[in-house]
Amino acid sequence: MASTRALCVSSIVIIVFLGYLYADSLVFLISRWFGSEDYSHGLFVPFISGFLIWQSRHRLSQLPREQSWWGLAVVGLGLFLYVVGELSTLFLVLHLSLWIVLVGLAMTLVGIRGTKAIAFPLGYLLTAIPLPTFFYANLSSQLQLWSSSLGVGCLQLVGVMAFREGNVIDLGPVQLQVVEACSGIRYLLPLLSLALLCAYLFNDRMWKRVLLVLSAIPISILINGFRIGMIGVLVEFYGKGAAEGFYHLFEGWVIFMVSFGLLILEVACLGSLGAETPGRSLREHLKWGTQEVETVVKGEVNVLPNRILSPGPAYLCSVALFAPCALLGTLLMDREESPPPRTAFVDFPMEISGWRGQPYPLEQQYIDTLRFDDYVLADYRLSPQQQVNFYAAYYRSQRKGQSAHSPQSCLPGGGWEISSLAQAEIPVSDATMQPLRANRVVIQKGDQKQIVLYWFKQRERQLTSEYLVKMYLLWDAFSRQRTDGALVRLAALVSPGESESTVDQRLREFAVAVGGELPRFVPD
């Protein structure tokens, strides 16, 4: 009884500390689960994992009692990643930190062998974590193109004339844009999560389980391509309203249920393949039951042995680790940054070395999404034929959820595709300094082509890699109490009869001209 009370009290203390430390992380997770259909399955994952652990309770009770001090080291690693996540502004690191802490706590409570017994339920929690933004954007963009191609193929197969330009399907009088929400990623992620669960419950050989999980990828892509083709057919015969509102939502749910049905059918087919006892039912292929162990019966309630409910020294020491970490977390969250004074972008010159600019406002939805502190967006012309679009977004403090976003996430769309991505050198006004390195992206939409240059100005550094941006955010937050910085982007259209080298030269000339002005607005 005393050991159970100690476990309850220590668990409450842990929940309070974890809730305090990871409040922002948990709020972010819950908001994504409720606010994004791509991750709506994440809401059920913790309950599924909890149920699977509860099913393993008999197996845990059979194991010899042990509590591993290695769990204390794992908890310490998780808390170290918490500090890294707070300083580098990466929610993904915070989510992984929380998961590692939970694994470490399990090791201190039930030992290494006990943790192995519940390894899948613990690992399954990772399927509730949203993908990194840049990886999600790249994956979604590629899925949009694949889904568009498959949709056009389905339409042409049934005799409907359709053509594809990037992620836009041209039906003649009507054009359908395969936006991010229709990329199929909202089928892929939940279906992968379900495939993992089915593979765990599938009582058969390992290669069949692996095949079951891997098959979820082509199933979701092919089914989404078929869905887009079906929407195109409905639009062809019933108008554009068939691709909007309730019909669009209903089609999505039907297609997902078809995908899940194909997954269950695959379980049945794999189960019968090479089976020693043919004719087994689907239920017999899945391991729902739990092993029987000796329990103590009190009335109608089965009570497990106290040996798995006794918190040992390793578990209690891991609880003690949270107090100093909570204090450190408070200091990190309340830290004061000291960016140098700067001039607001509202005063950015609209005439630079002969280039004349015309500023434009961003739509509020983009401002809310990007969460910058200041920005400038303008078209500059040296002549009617020479135009460059200039955009810079400044962040006073790049904390979690508020940092420069890579243009790779937003360049694809509206029919535009990234055809090449490389690095380019841009000369600077001071000949004694090293040339600036920038990302050079060529995007195309049919016969139209644009060249985009962008880089991250992070304090005195000009960076092209998002990974380096995060690394220097961590270092400068520690050493300088600064995480301010900006994204700088230049774009120019390649006109008919104009070569890419001509446009590259135009962008370089403008970059040299604007580079001398930037330090006043984005301090070194």
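Cut-offs applied
- Residues numbered from 1 in each chain as written.
- Predicted model: local features only at pLDDT ≥ 70, side-chain atom pairs only at ≥ 80, totals over all residues.
- Heavy atoms only, no water.
- Buried < 20%, exposed > 50% of the residue type's maximum accessible area, 1.4 Å probe, protein only.
- Helix = DSSP H or I, 4+ residues; strand = E, 2+ residues; numbered from the N terminus.
- Pairing = 2+ DSSP bridges.
- Axes fitted to C-alpha atoms, helices over the stretch in contact; angles between N-to-C directions.
- Parallel < 35°, antiparallel > 145°, perpendicular 65-115°, else oblique.
- Contact = heavy atoms within 4.5 Å.
- Nonpolar A, V, L, I, M, F, W, Y, C, P; charged D, E, K, R; others polar.
- Expected span 1.5 Å × (residues − 1).
- Lys, Arg positive; Asp, Glu negative; His and termini not counted.
- Salt bridge = Lys/Arg side-chain N within 4 Å of Asp/Glu carboxyl O.
- Polar contact = N/O pair within 3.5 Å; in protein donor to acceptor, adjacent residues only side chain to side chain.
- Core = buried A, V, L, I, M, F, W, Y, C linked by side-chain atoms within 4.5 Å.
- Left-handed = near helix turned anticlockwise from the far one by under 90°.

Draft legend 1. Focus on the pairing of strand E14 (residues 485–494). In terms of burial, E14 is a largely internal element, 9 of the 10 residues being buried. Relative to E14, strand E9 (residues 386–395) runs antiparallel, the two being bridged by 7 bridges. Residue pairing in the sheet places Ala393 in a bridge with Leu487 of E14. Inspection of the sheet shows strand E12 (residues 448–458) paired to E14 by 9 bridges, in the antiparallel sense. Pairing of Phe456 across the sheet is with Leu487, part of E14.

Draft legend 2. The packing of helix H2 (residues 23–35) against helix H6 (residues 91–117), seen in detail. Taken N-terminus to C-terminus, the directions of H2 and H6 make an angle of 105°; their axes are 10 Å apart at the nearest point. As summarised for this structure, H2 and H6 are arranged roughly perpendicular, according to the angle between their axes. Two secondary-structure elements touch here, H2 through Asp24, Ser25, Leu26, Phe28 and Leu29 and H6 through Phe91, Leu94, His95 and Leu98. Its residues assigned to classes, the contact of H2 with H6 shows 6 nonpolar, 2 polar and 1 charged.

Draft legend 3. Looking closely at helix H5 (residues 70–88). With 19 residues, H5 should reach 27 Å at 1.5 Å per residue; the first-to-last C-alpha distance of 27 Å fits that figure. Every buried residue of H5 is accounted for by Gly71, Val75, Gly78, Leu79, Tyr82, Val83, Val84, Gly85, Glu86, Leu87 and Ser88.

Draft legend 4. Structural view of the side chain of Arg489. Secondary-structure assignment places Arg489 in strand E14. Here Arg489 is buried and forms no salt bridge, its nearest opposite-charge partner Asp379 lying at an N-O distance of 7.6 Å. In this structure the side chain of Arg489 is engaged in a polar contact, spanning 2.9 Å, whose partner is the side chain of Asn389.

Draft legend 5. Just unusual backbone geometry, in detail. Phi at Ser353 is positive, roughly 50°, even though this residue is not glycine. On the basis of relative accessible area, Ser353 is assigned to the exposed category, the value being 63%. Although it is not a glycine, Arg459 sits at a positive phi angle of roughly 55°.

Draft legend 6. Geometry of the nonpolar core. Counting residues in hydrophobic clusters, the biggest one holds 32 residues, and the most contacted among them are Phe348, Phe390 and Leu490. Per element, the largest residue contribution to this core is 6 residues, and it comes from helix H16 (residues 500–515). If sequence neighbours within four positions are ignored, Leu490 has contacts with Val388, Asn389, Phe390, Ile451, Val452, Leu453, Trp455, Leu507, Phe510 and Ala511. Counting 23 residues, the second-largest nonpolar core is a separate cluster that includes Tyr82, Leu105, Val110 and Val319.

Draft legend 7. Region of interest: the packing of H5 against H6. Across the interface, H5 lies against H6 with an axial gap of 7 Å and an inter-helix angle of 170°. By the angle between their directions, the pair H5 and H6 is classed as roughly antiparallel. Regarding H5 and H6, the two cross each other, and that crossing is left-handed. For the pair H5 and H6, the contacting residues are Trp70, Gly71, Leu72, Val74, Val75, Gly78, Leu79, Leu81, Tyr82, Val84, Gly85 and Glu86 in the first and Val93, Leu94, Ser97, Ile100, Val101, Gly104, Leu105, Met107, Thr108 and Ile112 in the second.

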